[in-house]
Amino acid sequence: MTLSSARSGVRAGVLTAALAALLCTPANARSVASAESPAARPAAVQADVPAGVTAGVAVFDRRTGTFTEQLNTSAQFRSASVVKLLIALDVLWNRSPDALSATDRARIDTMLRGSDDAAASTFWSNNGSGAIVDRMVTRLGLTDTARPPSTHPGYWGYTALSARDTVKIYRHLLESAPAATRDFLLGGLRQSTRCATDGYDQHFGIAGSFNRPWAVKQGWSGFSSGGCTAPNTAAAKDTGAAEAAGEPAAADARTPAGADAVDLSRPALHTTGLVGEGDRSIVAVFTLHPGGTSYGKAYTDIGRLTRSLNVPGAARPAGTWVGTWGSGVRVRTQATTTSGAITTLPAGVEVLVGCQKRGQQVSQPPYVNDWWAHLPQYGGYMTNIYLSVPENQVPGVPVC
């Protein structure tokens with residue numbers, strides 16, 4: 001990380017615990033004493049929902065044909081980008097991927113791998129908007145899914161969706177869809193890019209909690225910054241796409257009050273997909289967060305929730321989860337500020353530290369630190385200055 005990118009203040013390994021607590025928001029600051037060692041944790045039997053979070057959860061074990069987790073499975077959430085699964089399936093209904101134009105194949109690919117909003121908006125406009133949802137409800141026998149409210153017909157991200165209906169969608173892909181369609185769509189989900197085309201880090205939840213193999217379709221709505229950098233982030237969504245993706249245009253953007261009302265105002269973050277060899281488990285986690293929640297905080301909370309789940313076939317990465325602070329914190333290829341930047345971290349996000357080693361000394365007067373943490377899920381290093389621990393070296397984490 002370059003020193004100029006450290007915009008949020010002064011931090012170093014010699015910082016006292018009290019100052020670390022002052023600089024880090026309480027929700028994101030996390031000492032090593034409370035950090036998890038996921039490889040040693042026994043399988044969970046009940047979803048652990050962080051305080052203030054509203055969640056709908058379903059985990060389906062395809063080997064046994066049973067659910068291992070069910071929490072508010074019929075609750076309706078605004079889908080955000082998870083509805084792109086239905087948009088893609090509608091395009092390919094009774095059509096082979098080979099029958100698509102090269103342009104449409106590329107649109108589906110970027111819509112699934114990079115969660116591209118412009119591609120989704122094109123299909124939404126060209127194929128009947130809300131009628132897409134209506135068709136897929138009938139075709140797949142969905143019970144909780146509904147087109148966006150009449151007040152926001154162009155906002156495809158306002159489609160209502162539940163955890164149990166999401167399991168049905170993936171079961172259709174795996175068990176009923178033609179092989180060519182299944183392989184084409186799941187191929188995109190298996191190659192999900194860390195940075196979405198709108199600059200959001202989309203490897204939270206399933207992608208951050210379990211080792212590959214996995215395939216994911218994520219969703220987010222109501223956040224101001226995703227803290228991710230990649231060459232394709234310049235392709236940010238335009239105003240129309242932002243609205244279509246489910247970003248509230250006003251504070252009162254809600255459906256009318258009632259039992260079936262879908263909350264369109266609180267920040268939403270969803271992780272859905274397949275986990276394990278042979279796509280053994282289908283996982284759907286939908287979450288709403290208190291107004292004003294940062295992306296890093298929501299990212300951390302959905303990660304903790306997902307890691308608590310009983311997911312048959314899942315392989316959990318080894319390491320220790322540690323909080324971070326600051327914005328613009330870069331992950332680099334080597335333990336130096338001059339090595340290539342892989343990406344930036346969402347501000348305040350929790351990271352998995354596999355090991356640590358000495359590298360270039362980083363100075364933020366009056367503090368200095370030459371220890372760097374290796375982040376296996378990013379394949380790179382960050383300076384320990386921005387880890388929420390008082391010491392230069394993270395206690396209990398091995399040397400690389």
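Each remark here, short or long, concerns the structure printed above.
All values reported here derive from a predicted model rather than from experimental measurement.

Thresholds, definitions, all that
Residues numbered from 1 in each chain as written. Predicted model: local features only at pLDDT ≥ 70, side-chain atom pairs only at ≥ 80, totals over all residues. Heavy atoms only, no water. Disulfide = S-S within 2.5 Å. Helix = DSSP H or I, 4+ residues; strand = E, 2+ residues; numbered from the N terminus. Buried < 20%, exposed > 50% of the residue type's maximum accessible area, 1.4 Å probe, protein only.

### Describing the state of the cysteines
Right, so step 1: Applying the stated criterion to the full structure yields two disulfides.
Right, so step 2: Between the sulfur of Cys195 and that of Cys228 lies a disulfide, 1.9 Å long from S to S. Its S-S torsion of approximately -75° makes the covalent link between Cys195 and Cys228 left-handed. One end of the pair, Cys195, is in the loop between helix H7 (179-190) and helix H8 (206-209); the other, Cys228, is in the loop between strand S5 (214-221) and helix H9 (239-244), and 33 residues separate them in sequence. A single burial state applies to Cys195 and to Cys228, both of which are buried.
Right, so step 3: In this model Cys355 forms its disulfide with Cys400; the gap between the sulfur atoms is 1.9 Å. With the S-S dihedral at roughly 95°, the linkage between Cys355 and Cys400 falls on the right-handed side. Of this pair, Cys355 sits in strand S12 (residues 355-364) while Cys400 is found in the segment after strand S14 (380-383), placing the two residues 45 residues apart along the sequence.
Right, so step 4: Take Cys400: its relative accessible area is 45%, and that puts it in the partly exposed class.
Right, so step 5: Taken in sequence order, the bonded cysteines of the chain link in the pattern 1-2, 3-4.

The values reported here are purely geometric and, on their own, carry no functional implication.
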